[in-house]
Amino acid sequence: MSFDLVFFGGTGDLAWRKLVPALFQAWRHGKLPDGGRILAVARDERSDDEYRSLICERFGNVESAKRPTDDEFARFAALLHYRRMDLSLPEHYAGLKHWVDERGADTVVLFLATSPHLFPQICAQLGAVGLNGANVRVVLEKPLGHDLASAQQINRVVAASFSESQALRIDHYLGKPAVQNLAALRFGNALFEPLWRRESIANIQITIAERLGVGTRGDFYDRTGALRDMVQNHALQLLTMIAMEPPAAGDADSIRDEKLKVLRSLKPFTPDSVGRDVVRGQYRAGTIDGQPVPGYVDEVKVPPDSHCETFVALRTEVQNWRWAGVPFYLRTGKRLAARDAQIVVNFRPVPHPIFAGTARANKLVIKLQPEDGLELHLLAVKGGSSASSTPEHLSPVSLDLDFDKAFLSERVGAYERLLLDAIAGRLNLFVRSDEQEQAWRWVEPVLEAWRNDSTGPRPYAVGTWGPPASSALIARDGFAWAEEE
Ligand code: BG6
């Protein structure tokens, strides 16, 4: 199958850091279909060879196992092309269409890795020159809008040129192997399904913690904040995968219909509940591993009086028969104690204890990163003879599944997987417009309440798990975050 993959924003951060390295891995693993061309589009004048040299230099920053040898790069680089485009000029889109039509590839994937404010303009122009035929798909990188109205506006413009099945909204968390394994765990195995409900589960915790700060993205981040950057998309997508009903079939719409129902069942926020159930924080200067680390407001391009949140913890519920009354806690932040993304499903304790030390209950930990795996925490007796009449003592013990070891082959990274899916037209791991809009609808009251609250985020020291109010939020229900147990 021949394909053309065109990146708008071909010299941007996303292209350098994620897209080209992911395509290289796909090529190296022999997964990229033969007969492909990759075209980077950007504003500056440069030749194909100049672009290839830039990419070659950039590979210097990639971890060594993922760096091409000279020979590999020479062969991979033959797929890379470059084209200068001024995105405001219709004739430049006509030129692109000509480039695409001349070859007539089976599939054309147009990846918008530009600033999202350009999406409407690019989509309208692509439609105007007819670069939206049935073999064309457009991939939209987040953030799609900054609130419900702006997301709807983008979706309207995209829909004027591309059908829903041609518009692929990326949430790269859905491409992570652990998330696909979550679907496999729930719908490919019968074991957990009978337990996957309010009668057996006490609470669910979703944590996406980062060690890094905002780096050089201060201006973007300050307009965005953790709620828009991580909760509205990544954390909520994880929640839908945990809470959704088993879909009737494995096709994209059957899955997305079920995810949408979860988003619609989330307990809506009110101005009062935002104060009670949502904690926002901002990191302050400190040290990590003995090294001084600046606070958020001292980062490049961040205003000194910024109220932007770099941490969010919240409590919600999925209001349906399966989950009524089960708290879902979501937490994400920058400059936290560890890079750690995981979902913890805490089961209820046994109804009638006969062993000593049964204060703990079972839990299932779905680990997304740094490594990806599953841990099932059980309780067991250590063994040995006990002559006394006191009850046996239970100790925690866990069954650990490390997917890297279980599947010795190379695991496919999130962007690699999603790019290959975009080329193949597999839509399961892309977000439909109604899901995305519903997620915005749910976070809007929080944004609104924060706008009206001049107190701003709570401070937390770098290298911690966020402001103490985050622990208090969960302690109120008699629970604790996994690392505090
Ligand atoms: C991006 C956010 O979507 O996800 C970044 O914009 C964040 O702020 C990143 O750092 C985290 O992704 P990952 O895959 O490194 O956990």
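Anyway, here's the lowdown on the structure attached to this text. (Residues numbered from 1 in each chain as written. Predicted model: local features only at pLDDT ≥ 70, side-chain atom pairs only at ≥ 80, totals over all residues. Heavy atoms only, no water.)

For the rest of this paragraph, the subject is helix 5 (residues 119-128). Listed in full, the buried residues belonging to helix 5 are Phe-119, Ile-122, Cys-123, Gln-125 and Leu-126. Each buried residue of helix 5 sits inside an arc of 165 degrees when the element is viewed along its axis, so together they form one side. Of the surrounding secondary structure, the elements contacted by the buried residues of helix 5 are strand 1 (3-8), helix 4 (90-103), strand 4 (107-112), strand 5 (136-140) and helix 6 (148-161). Positive phi shows up at Gly-130, right after helix 5, with a value of about 80 degrees. (Buried < 20%, exposed > 50% of the residue type's maximum accessible area, 1.4 Å probe, protein only. Helix = DSSP H or I, 4+ residues; strand = E, 2+ residues; numbered from the N terminus. Arc of directions from axis to C-beta. Contact = heavy atoms within 4.5 Å.)

A few words now on the site of the ligand. The immediate surroundings of the ligand are formed by Lys-142, His-172, Tyr-173, Lys-176, Glu-210, Arg-217, Asp-229, Met-230, His-234, Lys-334, Arg-339 and Gln-369. Lys-142 is positioned such that a nitrogen or oxygen atom in its side chain is 2.8 Å from an oxygen atom of the ligand. When the ligand is considered free in solution it has 400 Å² of accessible area, and contact with the protein chains removes 82% of it. Element by element, the count of residues in the shell around the ligand is highest for helix 8 (residues 218-243), at three residues. By residue class, the composition of the shell around the ligand is two nonpolar, three polar and seven charged. (Near = heavy atom within 4 Å. Polar contact = N/O pair within 3.5 Å; in protein donor to acceptor, adjacent residues only side chain to side chain. Areas by Shrake-Rupley, 256 points an atom, 1.4 Å probe, with all protein chains shown as cover. Nonpolar A, V, L, I, M, F, W, Y, C, P; charged D, E, K, R; others polar.)

Running from N to C, helix 5 and helix 6 cross one another at 10 degrees; their axes reach a closest spacing of 8 Å. As far as their axial angle goes, helix 6 and helix 5 are roughly parallel. Crossing of helix 5 against helix 6: the hand is left-handed. On helix 6, the residues that touch Phe-119, Pro-120, Cys-123, Ala-124 and Gly-127 of helix 5 are Ile-154, Val-157, Val-158 and Ser-161. Residues that form the contact of helix 5 with helix 6 fall into these classes: seven nonpolar, two polar and no charged. (Axes fitted to C-alpha atoms, helices over the stretch in contact; angles between N-to-C directions. Parallel < 35°, antiparallel > 145°, perpendicular 65-115°, else oblique. Left-handed = near helix turned anticlockwise from the far one by under 90°.)

All right, on to the pattern of salt bridges then. Evaluation of the coordinates by the stated rule reveals 37 salt bridges. Among the salt bridges present, the one from Glu-245 reaches Arg-322, with a minimum N-O distance of 2.8 Å. Pair noted here: Glu-245 is in the loop between helix 8 and helix 9 (252-265) and Arg-322 is in the loop between strand 11 (311-317) and strand 12 (327-333), with a separation of 77 residues, a long-range link. Judged by its relative accessible area of 8%, Arg-322 falls in the buried class. Close ionic contact of Asp-253 with Arg-256 constitutes a salt bridge, the shortest N to O distance being 3.6 Å. Taken as a pair, Asp-253 and Arg-256 lie in helix 9 at a separation of three residues, close to a single helical turn. On the basis of relative accessibility, which here comes to 37%, the residue Asp-253 falls in the partly exposed class. Among the residues examined, Arg-256 registers a relative accessible area of 3% and is labelled buried. Taken together, the shared-partner salt bridges connect Asp-253, Arg-256, Asp-257, Arg-432 and Asp-434 into one network. (Salt bridge = Lys/Arg side-chain N within 4 Å of Asp/Glu carboxyl O.)

Looking now at the sheet that holds strand 3 (residues 80-84). On the basis of which strands lie adjacent, the open sheet formed by seven strands has the order 3-2-1-4-5-6-17 and mixed pairing. Each edge of the open sheet carries a strand with a single partner, namely strand 3 and strand 17 (430-431). As defined by bridge partners, strand 1 adjoins strand 4 across six bridges and the pair is classed as parallel. Across the sheet, Asp-4 pairs through a bridge with Val-108, a residue of strand 4. (Pairing = 2+ DSSP bridges.)

Nothing here speaks to function; it is geometry throughout.
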